Amino acid sequence: MTNPLGKDLLALEPLSADQIRLILDTAEPFKEISERAIKKVPALRGSTIVNLFFEPSTRTRISFEFAEKRLSADTVNVTASGSSVSKGETLVDTARNLEAMRIDMVVIRHGASGAAAFLANRIESTVINAGDGTHEHPTQGLLDLLTLRDHFGDLAGLRVCICGDVLHSRVARSNIWGLKKLGAEVAVCGPRSLLPNAIAEFGVTVFDRLDEAMEWAQALNVLRLQLERMTGGYIPSLREYNRVFGVTRERLDRATHPLLILHPGPMNRGVEIDSDVADGPHSLILNQVTNGVAIRMAVLYLLAGGKPELAEAAKGAPER
Ligand code: CP
């Protein structure tokens, strides 16, 4: 029988609303495992998964690793600096050598857009994109959808504004595709220098002023200013950026309705978001991190051929 998600998870753009809902629904029963004293079930026992991270990561790498271990998979972590990539080995050669050791899945983060798809076309193992350049970060988009769905119930008609450095953000792209497929209304807000030229083609509303975006939106997904990807003068200064586009306590207090705040992390506190917002009562930022483990468990489980209707049963008794 064919897998309802296909062989790989590379992006949210090609997924249907039903496929996205399947992942979100499968994540629900997996949430409970992380609340147990013994956080381990046998659903992926015998599977071998390689986490291939060519860019730094805290949340994604560690939550994939937790998800794999909680499903009882065997895992290996590979970084560029600790592997033969640092001696000039190509991505495909690295992956083919890993496959020769009989692996089942590769979770890859890479600085080049399209790297995950490139690999998926060249190896038989399942490939999961953990962020490729400025293209997509599908599991981040999924955990953001789950966090919003937890709070609002239905995403249809929900108004979400993605704020800040959209140009360099794979998180923005996955959120836009995912939210729109589930019927949400999506806007972006940021300096024009940090919006893609083709932003209109994404079918989103564009706000130039954050206060207007906040009047419209029910939730803001605040993006990190990706200073490491900026080669030119995109903004006059960090202080100026915070003054014009920073999500501050004063701005939230001025809004005529309460807004929920998301941020994919890592945060530049005092730049795109102030600490009293990030740590305040409207912040869902740590809920996103918690949901990241359940989403990654669901993705791993489904791609390994797990039956969605059996996800509840797959939780089973804890491993001892
Ligand atoms: N959101 C996210 O991708 O964070 P990391 O870079 O820490 O994985």
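Please read all numbers here as calculations on a predicted model, not as lab measurements.

Draft legend 1. Inspection of the sheet that holds strand β5 (residues 159-163) at higher detail. The sheet built from five strands is open, its strands ordered β7-β6-β5-β8-β9 with parallel pairing. Since the sheet does not close on itself, it has two edges, and those belong to β7 (205-207) and β9 (260-262), each with one partner. Neighbour-to-neighbour, the strand axes of this sheet turn through a mean angle of 25°, independent of strand direction. In the packing of helix α5 (residues 138-152) onto the sheet, contacts are made with β5, β8 (219-222) and β9, and the angle to β9 comes to roughly 165°.

Draft legend 2. Molecular detail of the pattern of salt bridges. This model, assessed by the stated rule, comprises 18 salt bridges. One salt bridge in this structure joins R224 and E228, with 2.7 Å as the shortest N-O distance. Accessibility expressed as a relative area gives 53% for E228, which makes it exposed.

Draft legend 3. Quick peek at the domain arrangement of the chain. Under the domain assignment, the chain is made up of domain 1 (17-137 + 289-306) and domain 2 (139-286). If you average the C-alpha positions of domain 1 and of domain 2, the two centres end up 26 Å apart. On the side of domain 2, 27 residues touch domain 1, which itself brings 30 residues to the contact. For the pairing of domain 1 and domain 2, the buried interface totals around 2,300 Å² over both sides, and the portion due to carbon and sulfur atoms is 54%. Summed over the three residues of domain 1 that lose the most area to domain 2, namely L24, T134 and H137, the buried surface amounts to 27% of that side.

Draft legend 4. Up close: the pairing of strand β1 (residues 48-53). Taking burial as the measure, the six residues of β1 include five buried ones, the bulk of the element. Here β1 runs beside strand β2 (residues 74-79); their pairing, made up of six bridges, is parallel. Paired with I49 across the bridge in β2 is T75. Considered for its hand, the β-α-β crossover made up of β1, helix α2 (residues 59-70) and β2 is right-handed. Across five bridges, the pairing between β1 and strand β3 (residues 105-110) is parallel.

Draft legend 5. Region of the structure containing the side chain of E68. Following the sequence through the fold, E68 ends up in helix α2. In this structure, E68 is buried with no salt-bridge partner, the nearest side chain bearing the opposite charge being K69 at 6.6 Å. Contacts of E68, omitting those with residues within four sequence positions, involve I49, N51, A73, T75, V107 and L300.

Draft legend 6. The packing of aromatic side chains, seen in detail. With the rule as written, the count across this model stands at four aromatic pairs. Taking the centre distance of 5.8 Å and the plane angle of 45° together, the rings of W177 and F202 count as tilted. Remark: F202 occurs in the loop between β6 (185-189) and β7 and W177 occurs in helix α6 (residues 170-181); sequence separation between them is 25 residues. Residue classification places F202 among the buried positions, given a relative accessible area of 15%. With a centroid separation of 5.9 Å and 35° between ring planes, the pair formed by Y241 and F245 is classed as tilted. Placement of the pair is Y241 and F245 together in helix α8 (residues 238-245), with a separation of four residues, close to one helical turn.

Draft legend 7. Layout of the site of the ligand. Taken together, S57, T58, R59, T60, R109, H137, Q140, P264 and G265 make up the full set of residues adjacent to the ligand. Between the ligand and the protein, one listed contact pairs an oxygen atom with a side-chain N or O atom of S57 at 2.6 Å. If the ligand stood free it would expose 250 Å²; the protein chains cover 92% of that surface. Partitioning the shell around the ligand into residue classes produces one nonpolar, six polar and two charged.

About the cut-offs
Residues numbered from 1 in each chain as written. Predicted model: local features only at pLDDT ≥ 70, side-chain atom pairs only at ≥ 80, totals over all residues. Heavy atoms only, no water. Pairing = 2+ DSSP bridges. Helix = DSSP H or I, 4+ residues; strand = E, 2+ residues; numbered from the N terminus. Axes fitted to C-alpha atoms, helices over the stretch in contact; angles between N-to-C directions. Contact = heavy atoms within 4.5 Å. Salt bridge = Lys/Arg side-chain N within 4 Å of Asp/Glu carboxyl O. Buried < 20%, exposed > 50% of the residue type's maximum accessible area, 1.4 Å probe, protein only. Domains from an automatic or database assignment. Buried area = accessible area lost by both parts, 1.4 Å probe. Right-handed = clockwise from strand over helix to strand, strands pointing away. Lys, Arg positive; Asp, Glu negative; His and termini not counted. Phe/Tyr/Trp six-rings, centres within 6.5 Å; stacked < 30°, edge-to-face > 60°. Near = heavy atom within 4 Å. Polar contact = N/O pair within 3.5 Å; in protein donor to acceptor, adjacent residues only side chain to side chain. Areas by Shrake-Rupley, 256 points an atom, 1.4 Å probe, with all protein chains shown as cover. Nonpolar A, V, L, I, M, F, W, Y, C, P; charged D, E, K, R; others polar.

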